Each structure stands twice: as structure tokens, then as C-alpha cells.
Protein chains: 2
Amino acid sequence: MKKYARQSKILELINEREIETQEDLASTLKGMGINVTQATISRDIKELRLIKVTSNTGKYKYGTIEESQNSISDRLVRIFKNSIISIDASMNIVVIRTIPGAAQICGSAIDSLQIPDVGGTIAGDDTVFVAVRKLESVDDIINNLYALIN
Amino acid sequence: MKKYARQSKILELINEREIETQEDLASTLKGMGINVTQATISRDIKELRLIKVTSNTGKYKYGTIEESQNSISDRLVRIFKNSIISIDASMNIVVIRTIPGAAQICGSAIDSLQIPDVGGTIAGDDTVFVAVRKLESVDDIINNLYALIN
DNA sequence: TATATTATTGCATATTTATACACTGTTTTC
DNA sequence: GAAAACAGTGTATAAATATGCAATAATATA
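Definitions and cut-offs
- Residues numbered from 1 in each chain as written.
- Chains lettered and ligands numbered in written order.
- Predicted model: local features only at pLDDT ≥ 70, side-chain atom pairs only at ≥ 80, totals over all residues.
- Heavy atoms only, no water.
- Helix = DSSP H or I, 4+ residues; strand = E, 2+ residues; numbered from the N terminus.
- Rg over C-alpha atoms; globule rule 2.2 N^0.38 Å.
- Buried < 20%, exposed > 50% of the residue type's maximum accessible area, 1.4 Å probe, protein only.
- Contact = heavy atoms within 4.5 Å.
- Areas by Shrake-Rupley, 256 points an atom, 1.4 Å probe, with all protein chains shown as cover.
- Lys, Arg positive; Asp, Glu negative; His and termini not counted.
- Charge placed at Lys NZ, Arg CZ, Asp CG, Glu CD.
- Near = heavy atom within 4 Å.
- Polar contact = N/O pair within 3.5 Å; in protein donor to acceptor, adjacent residues only side chain to side chain.
- Nonpolar A, V, L, I, M, F, W, Y, C, P; charged D, E, K, R; others polar.
- Pairing = 2+ DSSP bridges.

A.B. asks: Can you explain the overall build of chain A? Please cite residues and give values.
C.D. replies: Check the secondary structure of chain A and you find six helices and six strands. Ordered by position from the N terminus, the helices and strands of chain A form the series α-α-α-β-β-α-β-β-α-β-β-α. Since a compact globule built from 150 residues should have a radius of gyration of about 15 Å, the 22 Å found for chain A marks it as more spread out than a globular shape. The principal-axis extent of the C-alpha atoms belonging to chain A is close to 65 × 25 × 25 Å. Of all 150 residues assigned to chain A, the portion counted as buried reaches 43%. In chain A, the share of contacts with a sequence separation of at least 24, taken over all contacts with a separation of at least 6, comes to 48%. Surface accessibility of chain A: about 7700 Å² in total, with carbon and sulfur atoms responsible for 48%. Charge separation in chain A, taken as the distance between the mean sites of 18 positive and 19 negative side-chain charges, equals 11 Å.

If you want it as C-alpha cells, here you go:
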């Protein structure tokens, strides 16, 4: 059974180099004496749960979920930057104004961030309400959000 | 800018349903009055950092990295189950025998698991040595590994 | 050992995805 | 306000990926 040896090599390779396609991987492996076709690579990738992640250059490359952990918050931050108009508070409600249509996604973004003392969010079309558990935390949360967009 | 409204809907959809392809997504959105082509979906998916994950049925579907967190250890466990022959210890070294060629990948698997008191691993072709920091921890670690494969 | 079962893979190809290019609408700059 | 720069999208298609099927290898079973 040479499958695992090959898969191990695959994990190694995607960490070392920018592997952009399955053909890439197949031919690199071929160069190392491991003869395999794209079809098998496709199956290996499924088994190994490898994913396509965007490299620094904006292109797709193969990577692991672990590795792309960081990019989760990247996504959220990017969405924030592009859509938030203002952040304000009324008592324990943080009111976020967004460009039209972006409130929902900003809401889910905030949910994902799991900010302490955030009880929940509700979003309309261009407004998000963030319920804060304690009045004292409101400023922290606002600063937290501002930090994201700068 | 209706892009974010659409992307928000996309996030919603992939959580609710098993979306298998980008065409799938495009036509579902179309059914909801959001008119968009596969090409744009492809770009949205890149922006949202969505990935293909294997659904329960073994097929691919779209999902988020967050959602597929769990499947990381799945991968490792699966590899273990399929390749470990025996687990034993000599003093503070846990010795794992695997099917030929699988030691490397089992080694990386163990590394990823970040088991307490594991100092490091080294793998040959069909054998992995796991260095344990304290003699007292050896049994725990062995049980830990056995638990994985059962 | 012979037979049956299961796992792994290649080949060929259908399916799916990414992208170059062109167009449109929006925002910025002077 | 006109011109320039930019963002978003569709069309068409090239590029990349997944998979049915058949062959072979590995493993289990009698």
C-alpha cells in the first residue's frame, strides 16, 4: 500500500511549495519517482481534506484547513472595511450603519467574531443592532469594531 | 452595491442546504430573485473563502472553514485507523508500527494532535517513535492513541 | 492455496470552475 | 461636469476537477 506514502508526500509538498493545480502536484510527484495521475490526486485531496486557498498573489493554491485558519477573520475584516458606514450606541445597543444590503453579512461577521459580552445581533438591510450584555462593555466593543476597520 | 446582500444569502444557503455546485447556487439564487451567473458565484466563493467539504453522503458540497473544523481530526483518525498495526512503549518512547509507507503521515498526524507531554516524533517507513516527556505520561498517551483507533 | 471480497488506480470524459475580455455603472480627481 | 480610475458583472471559453467504468492489486475467508 503506497497510498499513504504518497499522501504524506503531498502534505509535505503543499507546505513547501505553491501547488496551484492537481496536475502540478502529479508532475511534481512524478519528478520524485512517484508515478500518479491527476485522477488519483483528486481522490487523495478529497481524503486529505485539502482545500484551495488564496495565496499571497491572489491565485488559488492547495493548502490545509489548519493553515487557512487565519484567513477566516481576514474575510470578516474585509467585509467590514468595505461596508461599514458608522458605529454608534444607544444604551446597550450598538448600532451599525452599513451600505445598503450589507447589514446581514456584517451581522454574521460579528456573530462569528464571538466578541465577549455580545448577546446577539439582528440585521435589517443597512442597519445592525448588537445587543450588549453589560453597559460597561459597550465602549470596549465599539473600540473592538473600530480596530477592525482601521 | 448588491454584492454583499448576495454574498450574505450565499452564506445562508450553504448552511441550510447541500449546495453541490456553483450552478446549483446560481439557480437557487435565481429562484429567489437574485439573478447571477456561475462566473460571479465563482468570484464570490473566492472572496468568501468558501471551500468544498465532503458531506455525509461522501459527495462534495460547499461550506465554510469554520464548519469543517471538526473534519481535521476526522482526517487524522481515519489515517490512523487504516494504517496502525501496533502501539507499544520502550521507556519513554512510544513505538508505533504501521503498514509500510504510512509512518510519515502517522507522524504528522500525531504532531497535529498536539497531545500533552509529547516532545516530538520521528518516522521511518513503517515505524514511528514518539518521545514522551515524562515516564508517567506514557500510558495516558498510549490510551489516547488506542482511543483514536477504536 | 484457491476464491471471494475489497481497495487502489488509470483512462477517458463529463462536469465543474476560473478567468480574459468587454461592457456598464460608480466613484474620484482635477 | 468631464475625464479618469475603479468595481462589479456577463459571456464565452479555457482550464481544472471529479467520477463511471474496467483493470489490477491487496486482503480476507474458507
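A.B. asks: Mind laying out the protein's contact with DNA strand C, listing which residues take part and the relevant values?
C.D. replies: As a matter of local geometry, DNA strand C sits amid 20 residues, with Arg6 and Thr40 of chain A together with Gln22, Gln38 and Tyr62 of chain B nearest to it. Among the atoms of DNA strand C close to the protein, meaning within 4 Å, 65% are from sugar or phosphate groups. Between a phosphate oxygen of DNA strand C and a side-chain N or O atom of lysine 46 of chain B, the distance comes to 3.4 Å. One of the side-chain nitrogen or oxygen atoms of tyrosine 62 of chain B is found 2.5 Å away from a phosphate oxygen of DNA strand C. Ranked by residue count, the leading element in the surface near DNA strand C is helix α3 (residues 38-48) of chain B, at five residues. Looking at the surface near DNA strand C residue by residue, the class counts come to six nonpolar, seven polar and seven charged.

A.B. asks: Lay out the pairing of strand β3 (residues 84-90) of chain A with the relevant residues and their values.
C.D. replies: Both faces of the sheet carry side chains from a regular strand, because those side chains alternate between them. Residue and element names in this part refer to chain A. Pairing analysis gives six bridges linking β3 to strand β4 (residues 93-98), with the strands arranged antiparallel. Counterpart to serine 86 in the pairing with β4 is arginine 97. The hairpin formed by β3 and β4 contains two residues between the paired strands, and methionine 91 there has a positive phi angle of roughly 55 degrees.

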